[in-house]
Amino acid sequence: MKPATDRTITWDEEAGCLRFIEQTLLPERYEIVRTTEVERLATAIRRLEVRGAPALGVAGAYGVALSARSHAGTGYDEFMESVRRDAAMLNATRPTAVNLGWGIDRVLGALSGEETPEAAARRALEEARAIEEEDVRLCHAIGDHGAALLPDRCTVLTHCNAGALACVEWGTALGVVRSAVAMGKEIKVISCETRPLNQGSRLTAFELARDGIGVETITDSTAAYLMRKKVIDTVIVGADRITRDAVFNKIGTYMHAVCACHHDIPFYVAAPYSTLDLQRSEDDITVEERAREELAECGGRKLMPDGVRARNYAFDATPLDLVTAIITEQGAGKP
Ligand code: MRU
C-alpha cells in the first residue's frame, strides 16, 4: 500500500482540480479522488470520503471555489445566485461541524468583493488555498501547545480520528501526539474503534502506524476498564463544534469524559479557533443522525432484526465542566 503522505485535501495546480484522499476505502485501499465538480465534493462530504471538522472547513472553502470556477462564464447576478445556491447545498451536507459553514462563508465573503465573475472565481480559489495553508500552521501550533502539557512518557486515549486525515495534515488531537513525539516524548496511543464507522480503528490506527507511532485499538466499551486499571494517563479528542456550554464531538466522547473525570484523568479537547461557536449553546445545535444501515449491517451481514429502529447519532455533547483544558492555536486553557 502506498503511504498516505499526500495532504488529505489540496488543490492540484498542475491538473487544475481538487484532490482528496477517499477515506471510506481505508485501510484496505488508498485512493485519491480528483474533481472539478462541486456536486462530487458534496457527495464526498455526505459519504465521509472527506470528514473531520477542519478538513470539512477546507472542503467547504474549495466547494465554493469549484462552484465559482464553473459559473464564471455567466453574467454577474446569475453567477452570484448560482454560487450562493451551491454554497447552501454544500452547507446542508452535514449539520454538526461548524467548520464546514465557516469555510464556505469565508470564501463567499472573499469573492463578493470582486466586480466580475472571473475575478471572483480567482479570488475564491486564492482564499480556499489560504485556508488550506492556515490549517497546516494552526495544527502545528495546537500540537506544540498540547505537547507541552504531556508528561515525558504517557499513554493517550483518543476517540474517532482527529488526525492528519481529519485536517490537511498533522491533526489536532493527533497533532498533539505528533508534536510530543517530535519533542522526544514517549507516547503510546490507545485508539477507540469508534463505532459504527470505525474512524478510530480504520483511520487513527492507519495514520499512526504509518508514522511509526505506537498505537493499539480497543472497542469503545473497553475505555472505562483501562482507565480503572490505570493504563490511560490522558484523554485527548478533537471537536466538531464548541458552544458556550459544550463540546460536540464523535458519539462516545461524552462517555469517555465522564469516565476520565471519575478516574481523575485529564480530558483535553484540541481544536482550532474556527471550531468555536460561542454565540450558541448546546440546545441550538442539530446533532447529525445517520442511516439505520450503518448499525444494521456490516460486511453484507445483518446485525439487527428487521423492523427494529436504530438511533444512530453521529455526535454527542460533553459539558465544559468535564473538560480539563481546550487546546487551540493560541494556547491551552480551562474552558
Ligand atoms: O463523522 P466524522 O468522521 O466527520 O467525525 C469526526 C470527529 O468527530 C472528529 O473527532 C472531529 O471532527 C475533530 S477532527 C480534528
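Each chain carries its own residue numbering, running from 1 in the direction its sequence is written. For a predicted model such as this one, the threshold for reporting local features is a pLDDT of at least 70, and the threshold for listing and counting side-chain atom pairs is 80 or more; totals across whole chains, interfaces and linings nevertheless cover every residue. Side-chain numbers here rest on the full set of heavy atoms in the structure, without hydrogens or water.

(A) Representation of a negative patch on the surface. Only residues above 30% relative accessible area that lack a salt bridge enter a patch, with like-charged residues linked at up to 9 Å and the nonpolar side chains Val, Leu, Ile, Met, Phe, Trp and Tyr linked at up to 5 Å. What sets the accessible areas is the Shrake-Rupley method with a 1.4 Å probe; for residues, cover comes only from the shown protein chains. The term salt bridge refers to a pairing of a side-chain nitrogen on Lys or Arg with a carboxyl oxygen on Asp or Glu at a separation within 4 Å. For this count, His and the chain ends are skipped, Lys and Arg are scored as positive, and Asp and Glu as negative. Note on charges: their place is set at NZ of Lys, CZ of Arg, CG of Asp or CD of Glu. On the surface, Asp 245, Glu 282, Asp 283 and Asp 284 cluster together into a negatively charged patch. Residue placement: Asp 283 occurs in the loop between strand E10 (267-270) and helix H10 (293-296). Here the term buried applies to any residue with accessible area under 20% of the maximum for its type, exposed to any over 50%, and partly exposed to those in between, with areas from a 1.4 Å probe on protein chains only. Of the residues examined, Asp 283 reaches a relative accessible area of 73% and is grouped as exposed. Helix and strand definitions follow DSSP, with helices as H or I runs of at least four residues and strands as E runs of at least two, each counted in order from the N terminus.

(B) Layout of the packing of aromatic side chains. For Phe, Tyr and Trp, where Trp contributes only its six-membered ring, two rings pair if their centres lie within 6.5 Å, and the inter-plane angle classes them as stacked under 30 degrees, edge-to-face over 60, or tilted in between. Applying the stated criterion to the full structure yields 2 aromatic pairs. Note on Trp 11 and Tyr 62: the rings are 6.1 Å apart at their centroids and 15 degrees apart in plane angle, and the pair reads as stacked. With Trp 11 in strand E1 (residues 9-12) and Tyr 62 in helix H2 (residues 53-70), the pair connects residues that are 51 residues apart, well separated along the chain. On the basis of relative accessible area, Trp 11 is assigned to the buried category, the value being 7%. For the pair Tyr 76 and Phe 79, a centre-to-centre distance of 6.5 Å together with 40 degrees between the ring planes defines the contact as tilted. Of this pair, Tyr 76 and Phe 79 both sit in helix H3 (residues 76-91), 3 residues apart, which is roughly one turn of the helix. The criterion is that NZ of a Lys, or CZ of an Arg, lies within 6 Å of the ring centre and within 35 degrees of the ring normal, and then a charge sits over that ring. In this arrangement the basic side chain of Lys 250 is found over the ring face of Phe 315, its NZ or CZ atom lying 4.4 Å from the centre.

(C) Inspection of the site of the ligand at higher detail. Near the ligand there are 18 residues, and of these Arg 51, Ala 53, Arg 94, Asn 249 and Lys 250 occur at the shortest range. N or O atoms within 3.5 Å of each other form a polar contact, as long as, within protein, one can give a hydrogen and the other can take it, and as long as residues adjacent in sequence are counted only when both atoms are side-chain atoms. Within the side chain of Asp 240, one N or O atom sits 2.9 Å away from an oxygen atom of the ligand. The side chain of Lys 250 places a nitrogen or oxygen atom 2.7 Å from an oxygen atom of the ligand. Considering the ligand on its own, with 410 Å² of exposed area, one finds that the protein chains cover 100% of that surface. In this analysis, the protein atoms alone were mapped onto a 1 Å grid. Cavities are point sets where a 1.4 Å probe fits without being able to get out; pockets are open sets with protein on both sides within 12 Å along at least five of seven lines; lining residues have an atom within 4 Å of a point. Molecules are considered to sit inside a cavity or pocket once more than half of their atoms lie within 2 Å of its grid points. Of all the cavities here, the one that holds the ligand is the largest cavity. Listing elements by their share of the shell around the ligand, those giving two or more residues are H2 and strand E9 (246-250). Think of it as three bins: nonpolar holds Ala, Val, Leu, Ile, Met, Phe, Trp, Tyr, Cys and Pro, charged holds Asp, Glu, Lys and Arg, and polar takes everything else, Gly as well. When grouped by side-chain class, the residues that make up the shell around the ligand number 8 nonpolar, 6 polar and 4 charged. Note: domain ranges come from an automatic or database domain assignment. Summarising the domain contributions, the shell around the ligand has at least three residues from each of domain 1 (9-140) and domain 2 (143-333). We call a residue near a molecule or strand as soon as one heavy atom of that residue lies within 4 Å of the molecule or strand.

(D) Layout of the layout of surface pockets. When its volume is computed, the largest pocket comes out at roughly 420 Å³. Considering the residues around the largest pocket, the lining is formed by 19 residues, among which Thr 24, Pro 196, Leu 197, Arg 202 and Glu 294 are closest to the centre. Secondary-structure elements contributing two or more residues to the lining of the largest pocket are helix H7 (199-210), H10 and strand E11 (297-298). Per-element tally for the lining of the largest pocket: the top contributor is H7, with 3 residues. Taken together, the residues of the lining of the largest pocket sort by class into 5 nonpolar, 6 polar and 8 charged. Grid points are joined across faces, edges and corners, and a volume is the space filled by probe spheres set on the points.

(E) The arrangement of the sheet that holds E9 in detail. Strand pairing follows a simple DSSP-based rule, namely that at least 2 bridges must link the two strands. Taking strand neighbours across the sheet as the criterion, the 3 strands line up as E8-E9-E13 in an open arrangement whose pairing is antiparallel. Both edges of this open sheet fall to strand E8 (241-242) and strand E13 (315-319), since each of them pairs with a single strand only. Pairing between E9 and E13: 5 bridges, direction antiparallel. Pairing of Val 247 across the sheet is with Thr 318, part of E13.

(F) Highlighting unusual backbone geometry. Cis geometry marks the peptide bond from Leu 26 to Pro 27, where omega comes out at 5 degrees. Relative to the helices and strands, Pro 27 resides in the loop between strand E2 (17-21) and strand E3 (32-35). In this structure, Pro 196 follows Arg 195 across a cis peptide bond, with omega equal to 5 degrees. Along the polypeptide, Pro 196 turns up in the loop between strand E5 (186-192) and H7. Despite not being glycine, Cys 160 has its phi angle at roughly 65 degrees, a positive value. Within the secondary structure, Cys 160 is located in the loop between strand E4 (153-158) and helix H6 (173-182).

(G) Representation of the domain arrangement of the chain. Domain assignment breaks the chain into domain 1 (9-140) and domain 2 (143-333). Taken over C-alpha atoms, the centre of domain 1 sits 25 Å from the centre of domain 2. By definition in these notes, contact holds between two residues if any of their heavy atoms fall within 4.5 Å. On the side of domain 2, 34 residues touch domain 1, which itself brings 28 residues to the contact. Buried surface at the junction of domain 1 and domain 2, summed over both partners, amounts to about 2,700 Å²; 58% is from carbon and sulfur atoms. Here domain 1 is connected to domain 2 by 1 salt bridge. A salt bridge links Glu 288 to Arg 94; the nearest nitrogen and oxygen atoms lie 2.9 Å apart. Here the quantity called buried area is the accessible surface, traced with a 1.4 Å probe, that two parts lose on coming together, added over both.

(H) Fine view of empty space enclosed by the protein. Within this structure, the stated rule accounts for 3 cavities of 30 Å³ or more. In this structure, the largest cavity is lined by 24 residues; those nearest its centre are Arg 51, Gly 52, Ala 53, Asn 161 and Asp 240. For the lining of the largest cavity, the elements supplying multiple residues, two or more each, are H2 and E9. Broken down by element, the lining of the largest cavity gets its largest block of residues, 3 residues, from H2. Its residues assigned to classes, the lining of the largest cavity comprises 13 nonpolar, 7 polar and 4 charged. Among the domains, domain 1 (9-140) and domain 2 (143-333) are the pair contributing at least three residues each to the lining of the largest cavity. Looking at the second largest cavity, its volume works out to about 70 Å³.

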